[in-house]
Number of protein chains: 2
Amino acid sequence: MKKIPYKIYLDEKEIPKQWYNLRADMTQDHSPMLHPGTLKPVTVTDLEPIFCKELALQELNNTDRFIDIPGPIYDFYKMYRPSPLIRAYFLERELQTPAKIFYKFEGNNTSGSHKLNSAIAQAYYAKEQGIKMLTTETGAGQWGTALSMACGFFGLDLTVYMVKISAQQKPYRKAIMETYGAKVIASPSDTTQIGRRMLSDNPDSGGSLGTAISEAVEVAAGTPDTRYVLGSVLNMVLLHQSIIGLETKTALEKYDIYPDIVIGCAGGGSNFGGLISAYMHDKLHGKQAPYFIAVEPVSCPTLTRGKFCYDFCDTGKVTPLAKMYTLGSSFIPSGNHAGGLRYHGMSPILSQLYHDGYIDEARSVEQTGVFAAAKLFARVEGLLPAPESSHAIRAAIDEALKCKETGEEKTIVFGLSGTGYFDMGAYIMYNSGSMTDNLPSDEELGKGFSGIPVL
Amino acid sequence: MKKIPYKIYLDEKEIPKQWYNLRADMTQDHSPMLHPGTLKPVTVTDLEPIFCKELALQELNNTDRFIDIPGPIYDFYKMYRPSPLIRAYFLERELQTPAKIFYKFEGNNTSGSHKLNSAIAQAYYAKEQGIKMLTTETGAGQWGTALSMACGFFGLDLTVYMVKISAQQKPYRKAIMETYGAKVIASPSDTTQIGRRMLSDNPDSGGSLGTAISEAVEVAAGTPDTRYVLGSVLNMVLLHQSIIGLETKTALEKYDIYPDIVIGCAGGGSNFGGLISAYMHDKLHGKQAPYFIAVEPVSCPTLTRGKFCYDFCDTGKVTPLAKMYTLGSSFIPSGNHAGGLRYHGMSPILSQLYHDGYIDEARSVEQTGVFAAAKLFARVEGLLPAPESSHAIRAAIDEALKCKETGEEKTIVFGLSGTGYFDMGAYIMYNSGSMTDNLPSDEELGKGFSGIPVL
């Protein structure tokens, strides 16, 4: 057997030339998104005022298995991809586990995460269509940063609604987006009807992704030559992020390795959906497949404690309804620090796959345990992880420790979706011992569903 | 000719197995360091109370051309090396230059810079010798972060004296060092004699690298099982950093490319000395060699306006004297933001090479021009550079624009020594238009030499 290096890098020409649309292979397609006014399945025509046409087509495409990556996107990918697949030799040694641990590291770019994979694609299609400005929301800030970079690259204007609590905790995230030319507004804001309503209901609101989405959509819908883009949840985003899983599988195949377990953190699903894509392909085709674990925070337990039903994608109830695991679009999670995992819903594709048993397990973990794992990982592997990604590290360590008990030499692959360089406020809190876990009560969770039509 | 990819990655097994000690090849060795008490050349015995023995030996070694990299250091290198050599295709397109621009990117690790190359080596030798604690100083914070990572990895205690103005501007740098287990003290501090003296002379001092060095050395000298380590200036540091240049040359040789110009920013010389190492080898052997440009800020113009003479390496005058280009060890630069380039002196090796004409040019550049280059680079190349590294970007862009005028297809290689993720305060200042250039007067520069023996 070939010696496995610390980092497996593919050649530039091995970057996938097509994205994989796993929806085309699903046994049971997810239920269609519904127009919020008519409650009928949305059409490309419905979506076009909000999304670029090409992206609207991708969103509704459940037939084309592979979609070509346009040249300019591919060239941009070459600046920071292929991303390394890293063998966690030092983590294995530290844990004294017989397990082999690999992680796909998506943080080697200035956005600090995998978000750039979809940001550059969405900005490209907007540019091609002659759009002048994009609007979006950002929670932790990775998506906003990624889209700022993409818009800066293609010369598009960008307005980012940033969840207020994140904007306060991460002033440097705001600064980096501004450095790339974006306009950043803390949400809820007084620049939109939705924002003003939220502020009048709750002037001290720290905001939520759901509210920020509503604001960004409202502005896009009301401004000429402007479209809205979203960094997670949507089918098109999972499509673009499939590149993570495709690269991962190609890299491991060079060493004849097929993983036993694949682990990713899941907020809206962009990272997890991308990571599992190529292996889910196998499972959907009835072949051998890894055991898939989606990890989420106990404070925002969408898959583990949410309902599988139709819900709005935003708090303001202006978006289409999607059938997904959801805590209810009125749910506002407590101010925990994994900003990227604070979304009330989950990708409809992943929701359906989980519902149908294709995703083997969803697991919720506590924040203090997540940061303990993050610090251990940082010390032995030399990379300071994002709080979001550290949810996957926590689960990977737990699985590796199980192997230590049983003696099994399982191969564990997890997604290190990003770095924590802009999350030092959370690390400071953890280091000082003042971080707590936020386990919501059933009553608190129930509040998320107020005013939602039962479908 | 083979198509040049965006990123040239060497295989893991192509990481150099030896460092290159260019001092062994110098026509004229640099003048020896002098003991501050006796003014006689220092011996290993003089250095041993401050440095680990193996590092003291490396410091004085001017005969061994290549020195083996010990296994545990090599294994650690494999976690983040080889670093990529990147073809700046998009920057070339933006500038419409016929020049070919490459940059060696050393920021793909959590310390965010090349500093880790020497930090892990110095921590390893300390661990091997049974040392329990290290002390050091840090300016911009890259070195302190790198050493925190290295000490965390090997289980050593670490106290970092951080230049006060940097500590204030970069609270998250402090946090990341603490996350890796380091104790961080703003310098000047009341924890040392030197610090208390500096504070009594100037209570509002923002500090300097020179003062922070004095404090760290004082603590190391007075604490059992403790040694001092330094991230630049020293011969041993240039030795460890030679890996940058060795990798660069190997990568370009794969494509039969020999650069015309090599550009690096120079503070104490660790990055520049490392970057040029393999090509300087050629020049020292009378072969074809690139045109070498060292770039520094106008606010701390060591090579361009300093004197070549003996001086202390620190403000407190407790270290040995080195013959080097210096602004005088009492020089405290104005609060410009490239914290890593605020040192009053320059590596004795590089000083001698510059004096003897082996380094072709030293160039000082203004901060606002540096940030303009940084923002342009960030937008088109997708990486937000450190302010220090952006000095090299400025010069590289200027050289590429000259090629545009003349039509010359020169190959330009520059060192992108680090990322700017912890430098957003400086970017905020630049974005707001409130950044100014600090061109010191001759009188201000002259103050640096008060109280220094003329040798």
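Residues numbered from 1 in each chain as written. Chains lettered and ligands numbered in written order. Predicted model: local features only at pLDDT ≥ 70, side-chain atom pairs only at ≥ 80, totals over all residues. Heavy atoms only, no water.

A. Layout of unusual backbone geometry. Here the amide bond leading from Ser 187 of chain A into Pro 188 of chain A is cis, since omega sits at 5 degrees, within 30 degrees of zero. Secondary-structure assignment places Pro 188 of chain A in the loop between strand 8 (183-187) and helix 9 (193-201). In this structure, Pro 82 of chain B follows Arg 81 of chain B across a cis peptide bond, with omega equal to -5 degrees. Summarising the element assignment, Pro 82 of chain B is placed in the loop between helix 3 (71-80) and strand 4 (85-87). Of note, the phi angle at Gln 96 of chain B is positive, near 50 degrees, even though the residue is not glycine. Along the polypeptide, Gln 96 of chain B turns up in the loop between helix 4 (89-95) and strand 5 (100-105). (Helix = DSSP H or I, 4+ residues; strand = E, 2+ residues; numbered from the N terminus.)

B. Representation of helix 8 (residues 171-179) of chain B in the model. When we look at burial in helix 8 of chain B, the residues that qualify are Tyr 172, Arg 173, Ala 175, Ile 176, Met 177 and Thr 179 of chain B. Positive backbone phi, at 100 degrees, marks Gly 181 of chain B, one or two positions downstream of helix 8 of chain B. (Buried < 20%, exposed > 50% of the residue type's maximum accessible area, 1.4 Å probe, protein only.)

C. Highlighting the interface of chain B and chain A. Facing the 43 residues of chain B at the interface are 43 residues of chain A. When chain B packs against chain A, close to 3900 Å² is buried across both sides, 62% of that on carbon and sulfur atoms. Counting every contact that joins chain B to chain A gives 0 salt bridges. Counting every contact that joins chain B to chain A gives 19 residue pairs in polar contact (both at pLDDT 80 or more). (Contact = heavy atoms within 4.5 Å. Buried area = accessible area lost by both parts, 1.4 Å probe. Salt bridge = Lys/Arg side-chain N within 4 Å of Asp/Glu carboxyl O. Polar contact = N/O pair within 3.5 Å; in protein donor to acceptor, adjacent residues only side chain to side chain.)

D. Geometry of the sheet that holds strand 6 (residues 133-138) of chain A. Residue and element names in this part refer to chain A. One open sheet holds the 4 strands; their spatial order is 8-7-6-9, and the pairing between them is parallel. Pairing within the sheet leaves two strands with one partner each, and these edge strands are strand 8 and strand 9 (226-228). In this sheet, adjacent strand axes meet at a mean angle of 20 degrees when their direction is disregarded. Bridge count between strand 7 (residues 157-163) and strand 8: 5 bridges; the pairing is parallel. Residue pairing for strand 8: Thr 159 is matched across the bridge by Lys 183. (Pairing = 2+ DSSP bridges. Axes fitted to C-alpha atoms, helices over the stretch in contact; angles between N-to-C directions.)

E. Spotlight on the relation of the copies chain B and chain A. Placing chain B over chain A gives an RMSD of 0.0 Å and needs a rotation angle of 180 degrees, together with 0.0 Å of translation along the axis. Both copies are brought into coincidence by an operation consistent with a two-fold rotation axis. Among all C-alpha atoms of chain B, that of Asn 108 of chain B lies closest to the rotation axis, at 3.2 Å. Looking at chain B, 100% of its interface residues are interface residues in chain A too, so the copies touch through the same face. (Least-squares fit on C-alpha atoms with pLDDT ≥ 70 in both.)

F. Structural view of the pairing of strand 11 (residues 291-297) of chain A. Residues and elements named next belong to chain A. Among the 7 residues of strand 11, 6 are classified as buried, and the element is accordingly described as predominantly covered. As judged from the 5 bridges shared by strand 10 (residues 261-265) and strand 11, these two strands associate in the parallel manner. What sits directly across from Val 262, in strand 11, is Phe 292. Note on the crossover from strand 10 through helix 12 (residues 270-284) to strand 11: the handedness is right-handed. (Right-handed = clockwise from strand over helix to strand, strands pointing away.)

G. Region of the structure containing the environment of Gly 448 of chain A. All names here are of chain A. In this fold, Gly 448 is placed in the segment after helix 18 (442-446). By relative accessible area, which is 0% here, Gly 448 ends up buried. With 314 residues separating them along the chain, Gly 448 and Leu 134 place their C-alpha atoms 29 Å apart. Among residues more than four places away in sequence, those in contact with Gly 448 are Leu 327, Gly 328, Ser 329, Ser 330 and Phe 331.

H. Representation of the state of the cysteines in the model. Within the structure shown, the criterion is met by 0 disulfides over all chains. Free of any disulfide, Cys 309 of chain A has its nearest cysteine sulfur in Cys 313 of chain A, 12 Å distant. (Disulfide = S-S within 2.5 Å.)

I. Layout of the sheet that holds strand 7 (residues 157-163) of chain B. Residues and elements named next belong to chain B. In spatial order, the strands read 8-7-6-9; together these 4 strands make up an open sheet with parallel pairing. Among the strands making up the open sheet, the edge pair consists of strand 8 (183-187) and strand 9 (226-228). For this sheet, the mean inter-axis angle between neighbouring strands, taken without regard to orientation, is 20 degrees. By the bridge criterion, 3 bridges tie strand 6 (residues 133-138) to strand 9 in an arrangement that is parallel. Along strand 9, the bridge assignment pairs Thr 135 with Tyr 228. Contacts between helix 10 (residues 209-221) and the sheet are confined to strand 6, strand 7, strand 8 and strand 9, with strand 6 contributing the most and set at about 170 degrees to the helix.

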